[in-house]
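Residue-level listing of the chains:
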Amino acid sequence: MRILVVEDEPDLLRSLAQALREESYAVDTAADGDEGLHKAESWEYDAIVLDVMLPKLDGWQLLARLRKTKKTPVLMLTARDRTMDRVRGLDTGADDYVVKPFDLDELLARLRALIRRSAGQTCNTLDIGDVSIDTAARLVTRAGAVVELTAREYGLVAFLALHRGEVVTRTALYEHLFDEDDSSLSNLLDVHVSNIRKKLGHEFIITRRGHGYSIET
Ligand code: CA
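These lines cover the structure that appears in this document, whether it is placed above or below. (Residues numbered from 1 in each chain as written. Predicted model: local features only at pLDDT ≥ 70, side-chain atom pairs only at ≥ 80, totals over all residues. Heavy atoms only, no water.)

**Considerations on the coordination of the calcium ion**
Octahedral metal centres with six donors ideally show angles of 90 or 180 degrees, and tetrahedral centres with four donors ideally show 109.5 degrees. Coordination of the calcium ion by the protein involves Asp8 (OD), Asp51 (OD) and Met53 (O), with metal-donor separations of 2.1 to 2.3 Å. Read N to C, the donor residues that coordinate the calcium ion are spaced as D-x42-D-x1-M. Here Asp8, found in the loop between β1 (2–6) and α1 (10–22), pairs with Met53, found in the loop between β3 (47–51) and α3 (59–66); they are 45 residues apart in sequence, far enough to count as distant. Residue Asp8 is classed as partly exposed on the basis of its relative accessible area of 30%. Met53 sits in the exposed class, given a relative accessible area of 58%. (Donors = N, O, S within 2.8 Å, 3.2 Å for Na, K, Ca; no water. Helix = DSSP H or I, 4+ residues; strand = E, 2+ residues; numbered from the N terminus. Buried < 20%, exposed > 50% of the residue type's maximum accessible area, 1.4 Å probe, protein only.)

Structure (structure tokens):
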């Protein structure tokens, strides 16, 4: 899952990006509204964390312009006690908001829920055969036993599971699993898939030759 964080306070931007990476997200950052809009329009993010008060283009303007072309889920960071901001945010097409200073765990939970809802999922836990994926705990079990996955492997499993039943192209996987600073070789994806199959069963991820990969329901 790939997230864009648009925030002009450097310390907050850095700590948010780091916290999200620790949760296995690929993270891109933008420090002003122009850069944020450009990136938001250029890539298929799974969600955008968008500060309201931004230089160049504020969060509202960015959101209004983005909504002309994209439905990317947006979580707004609004100022404390600005009820008008929240109402305006939801009216403009924001999907959710947290009030600054926010609790990190709450922001992460809201982000997970946003991504889940946008993929049409209602539950934190995804069951696929004997494999169970708890997206809140980032815990994967097979036949009741915990399976250790690397952050990349988990990201790949979680993305395919969220879109289970669909064929996900390699291009889409690269776009959703790697951030703008990654310069991974294309065969790396095959290595991750191979390692996941060793852990979760060969049939867990199906190769659609010429198209991509899928996890069946
Ligand atoms: Ca700001």
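**Structural notes on helix α6 (residues 151–162)**
For α6, built from 12 residues, the straight-helix expectation of 16 Å at 1.5 Å per residue is met to within 8% by its first-to-last C-alpha distance of 16 Å. Across the 12 residues that make up α6, a large majority, 10, are buried. Within α6, burial applies to Glu153, Tyr154, Gly155, Leu156, Val157, Ala158, Phe159, Leu160, Ala161 and Leu162. (Expected span 1.5 Å × (residues − 1).)

**What to know about the pattern of salt bridges**
Proximity of charged atoms lets side chains of opposite charge pair with each other. For the coordinates displayed, the defined rule picks out 18 salt bridges. Between Asp28 and Arg2 there is a salt bridge; the shortest N-O distance is 2.6 Å. One end of the pair, Asp28, is in strand β2 (residues 26–30); the other, Arg2, is in strand β1, with 26 residues separating them in the sequence. Since its relative accessible area comes to 2%, Arg2 is described here as buried. Between Glu216 and Arg208 there is a salt bridge, with the nearest N and O atoms lying 3.0 Å from each other. (Salt bridge = Lys/Arg side-chain N within 4 Å of Asp/Glu carboxyl O.)

**Some remarks on unusual backbone geometry**
A negative phi holds for most residues other than glycine; trans holds for most peptide bonds. Of note, the bond from Lys100 into Pro101 is cis; its omega dihedral lies within 30 degrees of zero at -5°. By secondary structure assignment, the location of Pro101 is in the loop between β5 (96–99) and α5 (104–118). Unlike most non-glycine residues, Arg138 shows phi in positive territory, near 50°. Structurally, the position occupied by Arg138 is in the loop between β7 (131–134) and β8 (139–142). With phi around 50°, Ala143 is a residue other than glycine that occupies positive phi space.

**Comments concerning the sheet that holds strand β11 (residues 206–208)**
Spatially, the 3 strands line up as an open sheet ordered β10-β12-β11, and their pairing is antiparallel. Looking along the sheet, the strands with just one partner apiece sit at the ends: β10 (168–169) and β11. Summarising the sheet, β11 and strand β12 (residues 212–214) pair through 3 bridges and their orientation is antiparallel. Pairing of Thr207 across the sheet is with Tyr213, part of β12. Strands β11 and β12 of the sheet are contacted by helix α8 (residues 188–200), whose axis makes an angle of about 25° with β12. (Pairing = 2+ DSSP bridges. Contact = heavy atoms within 4.5 Å. Axes fitted to C-alpha atoms, helices over the stretch in contact; angles between N-to-C directions.)

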